[in-house]
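Here's the letter readout for the chains.
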Amino acid sequence: MTDLLFEVQDHVATITLNRPEAYNAFSEEMISKWIEALENVRDSEDIRVVIVKGNGKSFCAGGDIKAMQAGEGFFQSEDDISSTGLARKNSLWKKIQRIPLLLEEIDKPVIAQVHGFAMGAGLDMALMCDIRIAAKSTKISESYINVAIVPGDGGAYYLPKLIGIDQALDMFWTARVLTADEAKDKGVVTFVVEDHELDEYTLNYAKELASRPTTTLQFIKRAVYQSQKMDLRTALDYISSQMAIVTELDDFKEGVSAVVEKRKPVYK
């Protein structure tokens, strides 16, 4: 078995981290296959929604602590990723950090299905997703400071945007472990569900999004993210251009007809 599994069914892609014996801590193979999977998602016309989850007892433990203890870097590699500061930087820039950079290019909804533990970079991989659905027993922590390192994969970028600067600093400085409900109260996760409902709830949520008009779904995601970097005039100009495009599509005509005729729309 490989360290990451990728499958597509009914327009929903599933990326499964597959090192259960290591709580899905990073490996070189996992990162490489994760990058490959995201490139596939970005370029595929068939994929409409993505789920990221972990096998076994946890979502993701982040960097491989055993590799770090052995002085091998953030994961084991046949290449030199640890002997110099530049080598360690490149293991992030050329490997792990490719994941958030690729996610920024993906207009489709990306859902993190979180259970067990999501620690450090493992938590940050969930923060990079659009929606986070957590099992009730989940424990999360920005645990970097416990091993005297900084959030090297994007956590310092994503977390303050979700919960504010002061709350993010508190999580980074203290490495406090939060329950799923505490994480939801802070705004770190979107939904909390009973453990036995997690798979079904997440898949149903993904299928619901996959049934929506694809272009409109993607345009909404673009508008929400890009508007964070625009002034009001630019954002309104941008969204009016989107509106001009989507109202020319067959999906718009089908959606209006379905509402008038009181039926479920069938989008192509």
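Further up the page is the structure itself.
As the structure is a prediction and not an experimental result, all values here were calculated from the model.

It is worth spelling out the packing of aromatic side chains at this point. Two aromatic rings, taken as a pair, are described by how far apart their centres are and by the angle between their planes. Considering all chains together, one arrives at four aromatic pairs under this definition. Each ring, one from F26 and one from W34, has its centre 6.4 Å from the other, and the planes form 70 degrees; the classification is edge-to-face. Here F26 falls in the buried class, since its relative accessible area comes to 2%. With a relative accessible area of 2%, W34 lands in the buried category. Relative to Y158, the ring of Y157 lies with its centre 5.1 Å away and its plane at 85 degrees, an arrangement referred to as edge-to-face. Given a relative accessible area of 17%, Y158 falls into the buried group. Taken together through their ring pairs, the aromatic side chains of F191, Y201 and Y205 make up a single cluster. A cation over a ring is seen here: K161 above Y157, with NZ or CZ 4.4 Å from the ring centre.

All right, on to the sheet that holds strand β5 (residues 117–119) then. Here we have three strands laid out as an open sheet, ordered β5-β7-β8, and mixed in their pairing. Looking at strand neighbours, the two that pair on one side only are β5 and β8 (178–179), the edges of this open sheet. Taken together, the two bridges between strand β7 (residues 139–141) and β8 define a ladder with antiparallel strand orientation. Its bridge partner being in β8, K139 is matched across the sheet by T179.

Two numbers describe how helix α10 (residues 214–227) lies on helix α11 (residues 232–246): the axes approach to 10 Å, and their chain directions differ by 175 degrees. The orientation of α10 relative to α11 falls into the category roughly antiparallel. Contact residues: T216, F219, R222, A223, Q226 and S227 in α10; A235, Y238, I239, Q242, I245 and V246 in α11.

For the rest of this paragraph, the subject is the side chain of R132. Relative to the helices and strands, R132 resides in strand β6 (residues 131–135). Within the buried core, R132 has no salt-bridge partner, and the shortest N-O distance to an opposite charge, that of D130, equals 7.0 Å. Among the polar contacts made by the side chain of R132, one reaches the main-chain carbonyl oxygen of A126 at a distance of 3.2 Å. A distance of 2.7 Å separates a polar side-chain atom of R132 from the backbone oxygen of C129. If we skip the residues at most four places from it in the chain, R132 touches A112, A126, L127, L162, V188, V189, T190 and F191.

Calculation criteria
- Residues numbered from 1 in each chain as written.
- Predicted model: local features only at pLDDT ≥ 70, side-chain atom pairs only at ≥ 80, totals over all residues.
- Heavy atoms only, no water.
- Phe/Tyr/Trp six-rings, centres within 6.5 Å; stacked < 30°, edge-to-face > 60°.
- Buried < 20%, exposed > 50% of the residue type's maximum accessible area, 1.4 Å probe, protein only.
- Lys NZ or Arg CZ within 6 Å of the ring centre and 35° of its normal.
- Pairing = 2+ DSSP bridges.
- Helix = DSSP H or I, 4+ residues; strand = E, 2+ residues; numbered from the N terminus.
- Axes fitted to C-alpha atoms, helices over the stretch in contact; angles between N-to-C directions.
- Parallel < 35°, antiparallel > 145°, perpendicular 65-115°, else oblique.
- Contact = heavy atoms within 4.5 Å.
- Lys, Arg positive; Asp, Glu negative; His and termini not counted.
- Salt bridge = Lys/Arg side-chain N within 4 Å of Asp/Glu carboxyl O.
- Polar contact = N/O pair within 3.5 Å; in protein donor to acceptor, adjacent residues only side chain to side chain.

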